[in-house]
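Secondary and tertiary structure notes
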Amino acid sequence: MSSENQVREPLLRMENITKQFAGIRALDQVNFSCDKGEVHILAGENGAGKSTILKILSGIHQADGGEIYWNGKKVLMKNPQQSQKLGIAMVYQELTLVGEMTVAENIFLNQEPTTRLGRVNQKEMNRRIQEIMDQYGIHIDPDIIVNTLPVAQQQMAEILKILVRDPELIILDEPTSALAKKEVEQLYAIIHNLTAAGKTIIFISHRLEELFALGDRITVLKDGHYVGTRNMKEIDEEELIRMMVGRPLENIFPPALCQPEPDKVIFEVSGLTDTQGKLNHVSFQVHKGEIMGIAGLQGHGQSELLNAISGLHSLSGGTVLVNGQKVTVKNAGQAIANGIALVPADRKNQGLMLELSNRHNLAISSMKKRMKGPFIDKAAESDFVKSMIQQLAIKIGDVELPVSSLSGGNQQKVVLGKELATQPKVILFDEPTRGIDVEAKREFYTIMHQLAADGVAVIMNSSDMMEVIGMSDRVMVMYEGQISGILEKQELSEELIMQYAMGMQKNEEKAGAEQ
C-alpha cells in the first residue's frame, strides 16, 4: 500500500499558497502540483499570479501561507540556493547570460571545475558541456562569446546552463517568445528529450498552439486564484480561454473601426539604407486608416527598420515623410519631435526604467508638456497618470511602486501609455504582444484599430503569423534587408508570406521578368 502511495505522490505539491504585496493579494489559497516526467502548463492572464508562484517555488519570494511538498516531504523555500539544491531550475524569459564571456564560462559561472593546481579545468568544462549537448540534442560552440550569438542560440545556452546542474524540475518561462519557427521546433525536441529522460517541465507561454502541442496537463490561475487543472487532451481552445478570462473570447482579433483610404498617404519612407548592411533601399507607404504589418524570418531587418525610423539605428541614405513633410530622424529625440513613437520589442531593456516608479515611467516621454518654468506640475502629472491608467486598464497597486513590480502585460501597457502621451502621428509596434495574455492582446489590438481610425500611421512587426494576418490591412515581407513583397488583405496567407520570407517569390518573379 505504501509503495502505491509513493507512486501516486506528485513530484511537487503546493497547497493553499498565499502571497501579498503592498496591500495586493497576488496569490490567494492557490494549489498547484506536477508529476514526474510531465510537461505541466501554467496558464492565466498577466497578473494572474503565475510569476509569483514560480518565484516562491524558486526561493526568490517566500509565501505568507501554505505548504510546499517535494517528493512527499514538506519543505521550506527560504532562498534560491535551497530551491536549486532540491533540483529546481528556472529559465527566465529575460536572459541572464554575461554577454562578454564565452558560452562555457557562462554555463559554469561560479562553479568552475578545477585542476589539482586550482586552475579552471577548461577541458573538463568542454567535456561536460559536450556530454549534455549530445544527450539533449543542443549544439552550440562552447568557446564563442555570448553576445556574438543570435538570441535563439543564447536561449539554448541559457538552457545548457541549467542542464549541467542536472535538475529534476525545469521551469521554462516564455522560452519561445524570441524564437523563430525553426528554433521553436528545436526547443520542442529538447523538451521531449528532457521528459523522456524523466525530467519534469513547468511551461509558460501565451501562444495557445504551443500549449496544446507540448502540454500533458494545464493549471489555470486567474486574479491570484486557482481556477482548475485539466488534461490537455480533454480541453479545447475555447474552454481554455474561458477558464483564463472568465468568459468566451469570440474573436481574438477585433474588427477594424474604419476602411483604409488608399489615395491618402500619411507616412512614407524611400530608399532607406543603413550603415550596418541590415537595410537595403527599403521603400513603402502607409495609407490613412490602415495597419501595415511587417513579416519575415528572424534576422532579416524587421526590427532594424523600425529602429531606423525611430532614430535608434543609424542610416546612410533614404528619406522619411510624415504627412507629406520630409523629416530628419538621426536620433530618438528628433523622431519624437516629428511625431514618431516606438513600442520596442524588449520592454525591459528598451522601453522601461525598471527601478523607477510607474508614475515616472508613464510620464517621462511627455514631461515637457507639464512643466511650469523649470518645475514639473505635479497635479497635472498626477491627473495624466490617472487618466492613462484608466484608459489602458493598467493594473497598478501604487503608482509610486517600481514598474518592475508589474506583470509583463501591464509593463507593456506602461510602455504604450508612455508613447501615446507624445500624441504620435506614426506609431511603430515591434512584437507588441510578446509575452502577454490573450485578453491583453485583444486590448492592444483594439487600441491599434482606434489609432488607425484616428489617422495615426500604425506599423506592426510580429513573428506571430496569425497576428500579422489577423491585424494587418497590408503586409510587407522582408528578406535579406529588403522588401520582397507587399501583400493586400485578400492575399494574406501563411504559405504566401513564408514564400516571400524565404525569397522564393522574389526569385520566381525575377526569373519570370528575365524570360
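Within every chain, residues take consecutive numbers counted from 1 along the sequence as written. Confidence filtering applies because this is a predicted model: local features only for residues at pLDDT of at least 70, side-chain atom pairs given and counted only at 80 or more, and all residues used for totals across whole chains, interfaces and linings. Excluding hydrogens and water, the side-chain figures rest on all heavy atoms present in the structure.

1. Things to note about empty space enclosed by the protein
Spelled out, the test is: Residues are said to line a cavity or pocket when one of their atoms sits within 4 Å of a point; the points come from a 1 Å grid over protein atoms alone, cavities being sets where a 1.4 Å probe fits but cannot get out and pockets being open sets with protein on both sides within 12 Å along at least five of seven lines. Grid points are joined across faces, edges and corners, and a volume is the space filled by probe spheres set on the points. Under this grouping Gly is polar, as are all residues other than the nonpolar Ala, Val, Leu, Ile, Met, Phe, Trp, Tyr, Cys and Pro and the charged Asp, Glu, Lys and Arg. Here a strand is any run of E in DSSP of at least two residues, a helix any run of H or I of at least four, and the numbering for each starts at the N terminus.
This model, assessed by the stated rule, comprises 2 cavities of 30 Å³ or more. Within this model, the largest cavity holds a volume of roughly 130 Å³. Considering the residues around the largest cavity, the lining is formed by 15 residues, among which Arg 207, Thr 433, Arg 434, Gly 435 and Lys 441 are closest to the centre. Class assignment of the residues belonging to the lining of the largest cavity gives a composition of 1 nonpolar, 7 polar and 7 charged. What the second largest cavity holds in volume is close to 40 Å³. Tallying contributions element by element places helix 16 (residues 438-453) first for the lining of the second largest cavity, with 3 residues.

2. Concerning helix 14 (residues 378-392)
For the record, the criterion: Helix span, as expected, comes to 1.5 Å for every residue beyond the first. Accessible area is worked out with a 1.4 Å probe on protein chains only. A residue is then buried under 20% of its type maximum, exposed over 50%, and partly exposed in between. The directions considered for the arc run from the helix axis to the C-beta atoms. Contact definition: two residues touch when any of their heavy atoms are within 4.5 Å.
In this model, helix 14 (15 residues) spans 21 Å end to end at C-alpha, consistent with the 21 Å of a helix rising 1.5 Å per residue. Taken together, the buried positions of helix 14 are occupied by Glu 381, Phe 384, Val 385, Met 388, Ile 389 and Leu 392. The buried residues of helix 14 occupy an angular sector of 130° when projected down its axis, which confines them to one face. Exposed residues on helix 14 whose side chains face more than 90 degrees from its buried face are Asp 383, Lys 386, Gln 390 and Gln 391. Packed against the buried residues of helix 14 are helix 13 (358-363), strand 18 (375-376), helix 15 (408-420) and helix 16. Once helix 14 finishes, Ala 393 follows within two positions and takes phi at roughly 55°, a positive value.

3. Quick notes on the sheet that holds strand 15 (residues 325-327)
The test is simple: A pair of strands is labelled paired if DSSP reports no fewer than 2 bridges between them. Note on method: axes are straight lines fitted to C-alpha atoms, helices fitted across the in-contact stretch only, with angles between N-to-C directions ranging 0 to 180 degrees.
If you walk across this open sheet you meet the 4 strands as 12-11-14-15, and the pairing is antiparallel. Edge strands, defined here as strands with exactly one partner in the open sheet, are strand 12 (282-288) and strand 15. Averaged over all neighbouring strand pairs, the angle between strand axes comes to 25°, with direction disregarded. Of the strands in this sheet, strand 11 (261-274), strand 12 and strand 14 (315-322) touch helix 10 (residues 302-309), which is tilted by about 100° from strand 11.

4. Regarding the pairing of strand 1 (residues 12-21)
Note that strand 1 and strand 4 (residues 65-70) share 5 bridges and pair antiparallel. Across the sheet, residue Arg 13 finds its bridge partner in strand 4, namely Tyr 69. In terms of strand pairing, strand 1 meets strand 2 (residues 24-34) through 7 bridges, oriented antiparallel. In the strand pairing of strand 2, Arg 13 is matched with Ser 33.

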